[in-house]
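# Residue-level structure breakdown
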Amino acid sequence: MPSGTHAPLPRRTRRWLGIAAAALAIGAASPAAHADDAPPSPRLILLISVDQFSADLFNSFRAEYHGGLRTLSQGIVYSNAFHVHGVTETCAGHAVIASGRHPNATGIIANQWYDQSASVDRYCTDDDTHVAARAERKLGVGPGMLQVSTLGDWLKAAAPANRVFSVAGKDRSAIMMGGHQPDGAYWFDGKRGFDSWGATTAEAQRRLAPLARLNGILEKRLAEKPPVWTYVNESCRTREAQFPLSSGRVFHAHLPPDAAASIPGQPASSGPALPPWYYDDVTVDAAIDLIDGQRLGRSSGTDLLAVGLSATDMVGHAYGTQGPEMCDQMTRVDAQIGRLVKRVEALGIPFVVALTADHGGADIPERLAERGYADAGRIDTKAMLADLNAAVRAGAGIDWDALRPAFFDPTQLVIVGTDGRALGDAALKARIAEAAAVRARTLPGIAAAWTASELSARKVPADVSPDLLPVADRMALSVFAGRSGDVLLAADPLKVPAPALPGLFMMGHSGPSDFNRRVPMLFWWPGAAHQERALPIEVVDLAPTLAAMAGVAPTGQIDGHCLELGGAMPSCNRPTR
């Protein structure tokens, strides 16, 4: 190592040195300070998750924010917050945000998986225990699959009078951020309005009552013709373009968007869909209704309102991240966050806003290829699965197709027997998994492959900066026995394991690449001093940081650490209550 340079400190060491330095600075400035002199806890924590809001997306549009994102960018800005795990999906990311635990602890390893004990495809909120107020859900709906406690649960454990609400455009966002015992967790169903969950239908309906007025308004609006998605930001027109697709059709990036493609083998949509931004608009409407109707932040404790803005993810999947559609969405989400923050600010109470994302994402490979990324493209997953099954037949000496996608994710493969159920022969399963992983590593577009057993055996170090963690360790943090696939694949960063379906699905984000893991983390409160903090941190640090502000302790083990924010916020070493 050259003279005068030093090896980088482990991430935990850096973090705790920063906390110690802050504590020493506080002590030096105020030697007579006592615990009673500490800043008061916020009366309200407003936790915002912008689905698929990568750090790249945040930074590329940062100069154009004039609303809520501009306000929050004047506080504490961590531009390199990492989801450390490798399977970067919405349900998993929101569980991490809420709990400060990695997916190998939360049990929420993806949006959906193959439940090997029951040999059934399971969505992450299909908990077989709770029910919805309005929807008919065969496998139930609720947080029962979440194996750990959350920030909301910690607040309730400290003082049952603390109120905890969550609202989002997706059920998986609202349910994971609300935790196990919220006063209400609500999601927009896109058809009738908001729904909620409970132990019984009656309980779910009681929880839904605070949004009854809004639901009445929405039912009337949703019976009308959907609004047309036109530009609110005319400068976004300069991003319009056309891209030929391998299917032979042409994707025209413009607004209003063309009618969405249909899924091959399934009937086309019966009519025009709601524009994505509509989900964010009504989610903020619901959040403001909860603030006003439930008088959040007006009691002596600390209330939590978690808000999941889902439209950015819908746009990213359907159109990519660098077209006119996302450009316009950034203007819209900026305005909606501004509307929400202004309403909280008008309360005149101590509060803090924290904003992050459940995962990131990248642009569509067709546009990337046009911009010089020659390796960008798509993987024919049907051909890949056929190839792997053929290799397994030969390598493991079997006479049936033993590999199937976990739910519909082609990068997680489950081993099934001749009856189509999870294979019970452990020795044979191990041979099949190894044969599949060996073959997968040779396929074009696949960067790496592992068996679940080898990932489960990895000891992931706690002293490696999240941007330097090996890919295998990232994937290991996404493995949970009985839920993860038997074979896990990682596509090359610029390869998409899915066909192009404009308006429906053009781009995924479930891989371990940094543009899928790296997100912003922003903290703001009135009077917050602006700081840019560029060194890497982890998203698991968010929940314990907010808990310290509220003066409550996690009720179980956590993987994250409190971040010292300084200013008018309580510090990490503040006694809990």
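For clarity, every value in this text was computed on a predicted model and none was experimentally measured. (Residues numbered from 1 in each chain as written. Predicted model: local features only at pLDDT ≥ 70, side-chain atom pairs only at ≥ 80, totals over all residues. Heavy atoms only, no water.)

## Concerning the packing of aromatic side chains
In total, this model carries 13 aromatic pairs according to the counting rule given. For the ring pair Phe-188 and Phe-194, a centre distance of 5.6 Å and an interplane angle of 50° mean the geometry is tilted. A relative accessible area of 3% places Phe-188 in the buried class. An angle of 75° between the planes, with centres 5.0 Å apart, marks the rings of Phe-188 and Tyr-279 as edge-to-face. Separated by 91 residues along the polypeptide, Phe-188 in strand β7 (residues 184-188) and Tyr-279 in helix α10 (residues 276-293) bring together distant segments of the chain. For the pair formed by Phe-188 and Tyr-279, the shared burial category is buried. Put simply, the rings of Phe-188, Phe-194, Trp-277, Tyr-278 and Tyr-279 touch in pairs and so form one group of aromatic residues. If you follow Arg-207 out to its NZ or CZ, it ends over the ring of Trp-197, 4.4 Å from the centre. (Phe/Tyr/Trp six-rings, centres within 6.5 Å; stacked < 30°, edge-to-face > 60°. Buried < 20%, exposed > 50% of the residue type's maximum accessible area, 1.4 Å probe, protein only. Helix = DSSP H or I, 4+ residues; strand = E, 2+ residues; numbered from the N terminus. Lys NZ or Arg CZ within 6 Å of the ring centre and 35° of its normal.)

## A word on the packing of helix α4 (residues 90-99) against helix α7 (residues 171-178)
In contact at an axis separation of 8 Å, α4 and α7 are set at 20° when each is read in the N-to-C sense. Comparing the axis directions of α4 and α7 gives the class roughly parallel. As α4 runs across α7, the sense of the crossing is right-handed. Counted together, Thr-90, Cys-91, His-94, Ala-95 and Ala-98 of α4 and Arg-172, Ser-173, Met-176 and Met-177 of α7 form the full contact between these two elements. Of the residues contributing to the contact of α4 with α7, the split by class is 5 nonpolar, 3 polar and 1 charged. (Axes fitted to C-alpha atoms, helices over the stretch in contact; angles between N-to-C directions. Parallel < 35°, antiparallel > 145°, perpendicular 65-115°, else oblique. Left-handed = near helix turned anticlockwise from the far one by under 90°. Contact = heavy atoms within 4.5 Å. Nonpolar A, V, L, I, M, F, W, Y, C, P; charged D, E, K, R; others polar.)

## Re the sheet that holds strand β16 (residues 409-415)
With antiparallel pairing, the 4 strands of this open sheet are ordered in space as β15-β16-β18-β17. Only two strands of the sheet have a single partner each, and these edge strands are β15 (403-406) and β17 (446-451). Strand-to-strand, the axes of this sheet are offset by a mean angle of 30°, without reference to chain direction. When β15 meets β16, the two strands line up antiparallel, connected through 4 bridges. (Pairing = 2+ DSSP bridges.)

## Here's the deal with helix α19 (residues 542-550)
Of all 9 residues in α19, 9 are buried, a share of seventy percent or more. Of the positions making up α19, those classed as buried are Leu-542, Ala-543, Pro-544, Thr-545, Leu-546, Ala-547, Ala-548, Met-549 and Ala-550. Contacts from the buried residues of α19 go to β1 (44-50), α4, α6 (151-158), β13 (351-356), β20 (518-524) and β22 (537-538). Taken from the residues just after α19, Gly-551 is the one with a positive phi, measuring 75°.

## Description of the state of the cysteines
Considering all chains together, one arrives at 3 disulfides under this definition. Each disulfide pairs two cysteine sulfurs, and for Cys-91 the partner residue is Cys-124, the sulfurs being separated by 2.1 Å. Taking the sign of the S-S torsion, about 100° here, the bridge from Cys-91 to Cys-124 comes out right-handed. Separated by 33 residues along the polypeptide, Cys-91 in helix α4 and Cys-124 in the loop between β4 (120-123) and β5 (131-132) bring together distant segments of the chain. Residue class for Cys-91 comes out buried when judged on its relative accessible area of 0%. When its relative accessible area of 0% is taken as the criterion, Cys-124 is described as buried. Here Cys-236 engages in a disulfide with Cys-327; their sulfurs sit 2.0 Å apart. In this structure the cystine formed by Cys-236 and Cys-327 twists about its S-S bond by roughly -75°; its chirality is therefore left-handed. Placement of Cys-236 in the loop between α9 (212-222) and β10 (241-244) and of Cys-327 in helix α12 (residues 324-345) is noted, with a sequence separation of 91 residues between them. Here the protein chain pairs its bonded cysteines, counted in sequence order, in the arrangement 1-2, 3-4, 5-6. (Disulfide = S-S within 2.5 Å.)

## Section: the pattern of salt bridges
Pairing is possible between side chains that carry opposite charge, provided their charged atoms lie close to one another. Tallied over the full model, the rule gives 28 salt bridges. One salt bridge in this structure joins Asp-363 and Arg-367, with 2.6 Å as the shortest N-O distance. Each member of the pair, Asp-363 as well as Arg-367, carries the same accessibility label: buried. Here the salt bridges share partners, and the residues they tie into one network are Asp-51, Lys-170 and Asp-313. (Salt bridge = Lys/Arg side-chain N within 4 Å of Asp/Glu carboxyl O.)

## Examining the pairing of strand β3 (residues 112-115)
Pairing between β3 and β4: 4 bridges, direction antiparallel. Within β4, the residue paired with Asp-115 across the bridge is Val-120. Hairpin geometry of β3 and β4 is characterised by an intervening segment of 4 residues between the two adjacent antiparallel strands and by a positive phi of about 50° at Ser-119.

## Looking at α10
Over its 18 residues, α10 runs 26 Å from end to end, which matches the ideal 26 Å to within 8%, given 1.5 Å per residue. At the exit of α10 stands Arg-295, carrying a positive phi of roughly 50°. (Expected span 1.5 Å × (residues − 1).)

## Let's talk about unusual backbone geometry
Cis peptide bonds are those with omega within 30 degrees of zero, and the linkage from Leu-255 to Pro-256 qualifies with -5°. As for its placement among the helices and strands, Pro-256 is situated in the loop between β11 (250-253) and α10. A positive phi is found at Ser-119, a non-glycine position, where the angle reads about 50°. Note on placement: Ser-119 falls in the loop between β3 and β4.

## Structural notes on the nonpolar core
Judged by nonpolar contacts, the single largest core of 108 residues is most densely connected at Phe-53, Phe-194, Leu-305, Ile-337, Phe-523 and Leu-546. Ranked by residues supplied to this core, first place goes to α10 with 10 residues. One finds Ile-109, Ala-174, Ala-452 and Leu-488 within the second-largest nonpolar core, a separate group that totals 33 residues. (Core = buried A, V, L, I, M, F, W, Y, C linked by side-chain atoms within 4.5 Å.)

## Some thoughts on the confidence of the model for the protein chain
When pLDDT is averaged across the protein chain, the result is 91; 91% of the residues are at 70 or more. In this model residues 1-36 is a low-confidence stretch, pLDDT under 50, and it forms 30 contacts with partners more than four residues away in sequence or in other chains. (pLDDT = per-residue confidence, 0-100.)

## Quick notes on the pairing of β13
For β13, a buried count of 6 out of 6 residues is recorded, marking the element as mostly surrounded by other parts of the structure. Of the two faces of β13, both are covered, the one formed by Phe-351, Val-353 and Leu-355 as well as the one formed by Val-352, Ala-354 and Thr-356. Two elements, β1 and β13, share 6 bridges in a ladder whose sense is parallel. Bridge pairing in β13 places Leu-47 opposite Ala-354. Across 3 bridges, the pairing between β13 and β20 is antiparallel.

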